[in-house]
Every structure is written in structure tokens, then in C-alpha cells.
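# Breakdown of the fold
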Amino acid sequence: MSTQLTVPGRRGDTLGAIAVPARMRATMLRRSLREHPGPTVAGLVGLLAAAWLIRYALRGDQHTLGLLAGAWVLGWIVLPLLLGGGRGRVRPAHLRLEPIGGVPAAIGLLAASAIGIGPAVSLVALAALPVHAARYGTVAVLVTAGGAVLLWLLGLIGSAIALEVVGHAGGPAGALLTGIFTGTAMGVAGSLWAVFPWVSVLLVAAPEEVVRAMAYVPSAWPVSAASGPTGQGVRLMATLVSIVALCAAAYIMLVRRVIAAGAPFRPRRTTAASPAVAEREWLGWVPAATRAVVGRELRAWMRHPLRLQYLAFAVVYGALLAGLPLLSDVDLLLPWAGPLAVLGAAAMSAGLVGLDGTALWLPLTTPGGERAEVRGRALAWLVLVTPIGVLLTVAGILLAPDIDPLAALSTLPALLGAGASVPVWVSLLRVRPVADPRHPTAADNPTDIVSVLVATAAGLLTAAPVLALMIWGPREAAPLLPLVGLLGGAAAWWGGVWLADERLARRGTTVLASAGQRSRPPETVLPLTWDAQWYRENKSTAWALGLLTVGWIPVIPQGLMPLVFGIDSGWIVAGHLSGSAHTAVGLAMVGLGVAMLLAGLVLWDRRPQPGGSAQPAPPG
């Protein structure tokens, strides 16, 4: 390549330099298609989607078509960030050692980016715009065809900028986008009952609010320019050309920066002194060791890619579960946006110890380090998530002033207390190490479904007294809901902290070995037949198995079935009672079952190890 870029002063050499990245990209694409069928399959699926869009353009609504075209271009820009689209791409850094200017390099890189299945399929999809404009005449087709090309260039340049900037901004930026995308997908999937009717209406004719909003969306401008007055069309197309020109100028500056300095931005300088001073000011009541863990955890939440991804997912997922029902004019869940986000954040925090690797040896070798580690992690989560939960709850209350927010406000402290401490215990109880804690990737997943369910169930059980009092309690008890929520959150906090303390103090070496991917100690072997000798020697294990097996009976059949579903069969104790006694017995059964399950988990944690006995309790 260098022999073709040695004399950039002549026009032919400049054109040759521009063509080199395109030839490189064509070679890489050809080899990639021979080795992997995935891009071909994705291209076929994209062509089917493009064919549907063109078919819709024949008789569909103009504004809905503009919205779909904009979603296509936005997906072209964002999806490569999530799916590893930067692989096999010619980057500006590849031209650093060649004598080529910023403008020819940018043109060559954009030409290389245009070679691929994605750009080709996107060009076919955007052909839906001139197909729709055919009803307005030949001039309208030419105008919208030019607008479609401009939108294609906008997607091409925007994708190149996003891949370069986000790719070099480090893992956190890409992880944040991944969390937002997955949270959006899950939020839409969880609200299909509200989204489908709105989409059906949208495909027939865009509502008035969508029509007004599309006046400011560039993807709707080509068709609006063709169907509207001439002066309006000229202004819209000129604005679209200006946007594309600004993006092209930004990409040229970015390429020049990378060629000159090797990175689009200067490395971020870290200053640890200022945050430490701030922590001493607002956490002065916290012991120094715990305060140090809080500072470390807060920095980790802001910098670790997977933590950012999990937090973004929880916030977006909770907000959409509460907000998307508005599409069907249902605002009942809006005040619950904060509690839903807090519950999601707790569930996604149920495996964070696995991300730390062998760094867990620090609290194990420090006097009182286990206690500081547990409380520091819980307090940092509380400091981080509480403002998010409060802001989302207040926003939901402001958007739905006719909905009584007392239940949501009372549930929030209960969920915060459980979400801060119980996931720490679950994370220590079920450690799933990652391949390389120093270089985390999106493929690392330290959580599993059991951990997520346990953390979620803890939050729901903590909030159950508030919900039960709201549903079955007398109206005079409504002022007690905030107090019940606070007491439940405090109880869950101390219970989770105590369980985590017990786990880390008694089984710290086991947790460290699991987090460091060392060979785990052999698991307790359970007899498949009756063995009296085994049961005499392993009484705590036997009791744990019995409690974990029987504890679900008071929770589900004796508690939740009569309270929630109104099922009162003959063997259900609460079914033989009525009124407040029915509710009280059902709640007592749920509490009894939860206590049995927790006792079983504690005993299981204290079971004797194979070839030895249970670890003694720490002194003091």
C-alpha cells in the first residue's frame, strides 16, 4: 500500500490513495463472506425488511414512512456498535504511516465503509421514499431520490463517526449504548399489549402528535419537500444537505486527529484527590474503611463497562415498563417507574463479585475488612441508585397527577433497602467468575437466572407488606404505608448485611477461590437413598434441605394463592377464615415460609465441607 501513497501531490496519485482503502475493504469482505455465512444471512433478512418497507411505501402513510426510514438510519448507526460491526473495517489509524491528507483519507475511508452488505441493503430500503413519491410525479421522484441518497450518506458518515468515537472512548461508552438498547428491547417486549395497538394505528395513519414531531425529523423531509410547496421543499432539502455537510466536516476533522495523534480524543486524566475529599465531606459519619470501599465502588460503577451496561438496562427497562402503557392511554404505572428501575438494578447487581477476580483478597487480609467490604458495597449501591429511583418516581408523579402515588412512594424505600444489601449476599453466595477481570467484555456475564430471581424475590417480599396493607388494609391505615415501607427496607438492609457478613467471614476463602477461577472445593455429596449414618453426621445439611424443600409450601399455596388469586381450597388454612383474619393468616404464612427458606439458606451455607467440618465462626 505504501508504494501507491508516496507521491500524493498529483491528482492520479491522490485518486489512487483514495481507492486503496476501498480495495482493502473489498478484499476483507470477500474473505469474510467465504469464511462466515452470518453476514449473508443478515443481508437476506435485511432485504426482506427492505422489501416490506418498499411495499408499505406504495400505499402507506407519508409520516409513518418517514418515521420508519429514520428508524432504519438510526439502527444503521447504532447496531454496529452493539454487534461488533467495527471488525473488518478500515480505520483511520491504518493510514497513520502513509503520506495522505485528511480529506483524501476521509473520502477513501467512507468509500471503504460503503462497501458491504449493510450499506447496500440500506440503500435498497431507502428507495421506499421515491417509490412513495411516485404518486406526486417525476420531479417528486427525483427530489426524494436525492433526499434518500442524502439520508444514506448521513447513515454512512454517522456510522463511521460512531464506530470510531465510541470504539476509542473505551468500553463504558459502548456498554452504555448496549444497556440502553437491550433495556429498550426488553421494555418494548414487556409492554407489547400497549405497543401493538399503537403500532397498528400508526401503520394506518400517523396520529397528530407524530405528524407534528416528524416536521423536525430529517427522514421525513424528502417526502415533505416533494409533496409540499416549492419554497418549503427547497428549505428542507437545503437543511438536509447542510446536516450531511456538517457530519462530513466532523468526520474529516476526526480522521485528521486520528492520523496525527493516533486517537480521536486525548486520554482522560484521573484525579483521585478531589473525589476523596468530597467523600470525606458527605460520608464523614461512615468509618474510614467502609468509606474507602464506597469510593472504590462508585468509581467502578462509573467506569466498569458491565456495571454501566447493567445500570443503563435497569433504568431504561423500568422507565419503559411504566411509560409505554401511555401509548394506550394508561398512566397507572407512571409513578412506579422508580420502583421498577430500582428492582431491576437490584436484580442486575446480583453477581458483581465475580467481576473483581482475586482482588477480594484485600478485605480478607485486613482486620475488619469483611464488614467494611459488605457495607461499602451496599452503601455505594444505595448512593448511586437512590437518586435515580427518586427522580423517576417524581417524574412519573408529575406526568400522572391523577394517580395516587402513595403506594409507589411507600414501596420505594423497601426496594432500596433490599436492593442494596441482598444482592451483595447473593453475589457472595453464587460467584460466577469472568474470563479476565482486567479486560471485561460484553460476553462476560457474572449473573445467572437463580441469582436474579433471588434478588428480585427479596425486593418483592420486602415490598409485600406495603402492597398487602394497601390492597386489603382499611383506608384508615393508608398513612402508615410510608412507615411500613421504611421499616421493611431497614429490616431487609440489616438482614442482607448480616447474611453477607456471615458468608464472607465464614467462607471468604471459598468465595476468593471461585472469583479467581481456581479449582473449587468439592461439593457436598447428597445420598440418593436413606442413609441414617449420613444424616447423623450432617444434621445441618439435612435441616437445610428440609427447610428449603418445605419452606415453599407456606409461601405459595398457603400464602400467595389465597391472598393474590383468591384460591381457598380445603387444605388452605386461610380459606377457613374470612375478613381480616383471612388476610392476617395468609400474610403470616408468607412470613413463615420466608423465614424457613432463609434459615435453610443459612444452614446450607454452614454445612460441613467434604473431608472436614464446618468452618468455625470468627472470633469476636
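Overview of the structure. (Residues numbered from 1 in each chain as written. Predicted model: local features only at pLDDT ≥ 70, side-chain atom pairs only at ≥ 80, totals over all residues. Heavy atoms only, no water.)

## A few points about empty space enclosed by the protein
It is the rolling of a water-molecule-sized probe over the atoms that shows where space remains empty. In the structure shown here, the tally under the stated rule is three cavities of 30 Å³ or more. If you trace the largest cavity, you find it lined by Glu297, Trp301, Arg307, Ser349, Leu352, Arg377, Trp381, Gly419, Ala420, Pro423, Val424 and Ser427. Elements supplying a minimum of two residues to the lining of the largest cavity: helix H14 (288–303), helix H18 (369–399) and helix H19 (406–429). For the lining of the largest cavity, the element with the highest residue contribution is H19, accounting for five residues. Of the residues in the lining of the largest cavity, the class split is six nonpolar, three polar and three charged. (1 Å grid on protein atoms, 1.4 Å probe; cavity = no way out; pocket = protein on both sides within 12 Å on 5 of 7 lines; lining within 4 Å. Points joined across faces, edges and corners; volume = space filled by probe spheres on them. Helix = DSSP H or I, 4+ residues; strand = E, 2+ residues; numbered from the N terminus. Nonpolar A, V, L, I, M, F, W, Y, C, P; charged D, E, K, R; others polar.)

## Digging into the packing of aromatic side chains
According to the stated counting rule, one finds four aromatic pairs in the structure shown. Consider the rings of Trp52 and Tyr56, whose centres lie 5.7 Å apart with planes at 15°: the pair is stacked. Of this pair, Trp52 and Tyr56 both sit in helix H2 (residues 38–59), four residues apart, roughly one helical turn. It is Arg307 that lies over the ring of Trp301; its NZ or CZ is 5.2 Å from the centre. (Phe/Tyr/Trp six-rings, centres within 6.5 Å; stacked < 30°, edge-to-face > 60°. Lys NZ or Arg CZ within 6 Å of the ring centre and 35° of its normal.)

## Notes on the environment of Gly586
You can see Gly586 is positioned in helix H26 (residues 580–605). Considered as a pair, Gly586 and Ala574 are 12 residues apart in the sequence and their alpha carbons are 5.8 Å apart. Setting aside its immediate chain neighbours within four residues, Gly586 contacts Gln558, Gly559, Leu563 and Ala574. (Contact = heavy atoms within 4.5 Å.)

## Some details on the pattern of salt bridges
Within this structure, the stated rule accounts for six salt bridges. Note that Glu297 and Arg307 form a salt bridge whose closest N and O atoms lie 2.8 Å from each other. In this pair, Glu297 sits in helix H14 while Arg307 sits in helix H15 (residues 305–323), placing the two residues 10 residues apart along the sequence. The exposure classification of Glu297 matches that of Arg307, with both residues buried. In this structure, Arg377 engages Glu373 in a salt bridge whose closest nitrogen and oxygen atoms are separated by 2.8 Å. Taken together, the residues span about one helical turn, with Arg377 and Glu373 both in helix H18 at a distance of four residues. Connected through salt bridges with shared partners, the residues Arg296, Glu297, Arg307, Glu373 and Arg377 form a single ionic network. (Salt bridge = Lys/Arg side-chain N within 4 Å of Asp/Glu carboxyl O. Buried < 20%, exposed > 50% of the residue type's maximum accessible area, 1.4 Å probe, protein only.)

## What about the packing of helix H16 (residues 337–348) against H19?
It is at 9 Å that the axes of H16 and H19 come closest, and there the two elements cross at 10°. One finds that H16 runs roughly parallel with respect to H19. Contacts between H16 and H19 pair Gly338, Pro339, Val342, Leu343 and Ala346 from the former with Ala408, Leu412, Leu415, Leu416, Gly419 and Pro423 from the latter. A per-class count over the contact of H16 with H19 returns nine nonpolar, two polar and no charged. (Axes fitted to C-alpha atoms, helices over the stretch in contact; angles between N-to-C directions. Parallel < 35°, antiparallel > 145°, perpendicular 65-115°, else oblique.)

## What about the side chain of Glu297?
Judged by its relative accessible area of 3%, Glu297 is buried. With residues up to four places along the chain from it excluded, the contact list for Glu297 reads Arg307, Gly376, Arg377 and Ala380.

## Considerations on the packing of H14 against H18
At a minimum axis separation of 8 Å, H14 and H18 run at an interaxial angle of 50°. By the angle between their directions, the pair H14 and H18 is classed as oblique. Helix-helix and strand crossings are classified by hand; for H14 and H18 the assignment is right-handed. Facing Ala289, Thr290, Val293, Val294, Arg296, Glu297, Leu298, Trp301 and Met302 of H14, the residues of H18 in contact are Ala372, Glu373, Arg375, Gly376, Arg377, Leu379, Ala380, Trp381, Val383 and Leu384. Within the contact of H14 with H18, the residues separate by chemical class into 12 nonpolar, two polar and five charged. (Left-handed = near helix turned anticlockwise from the far one by under 90°.)

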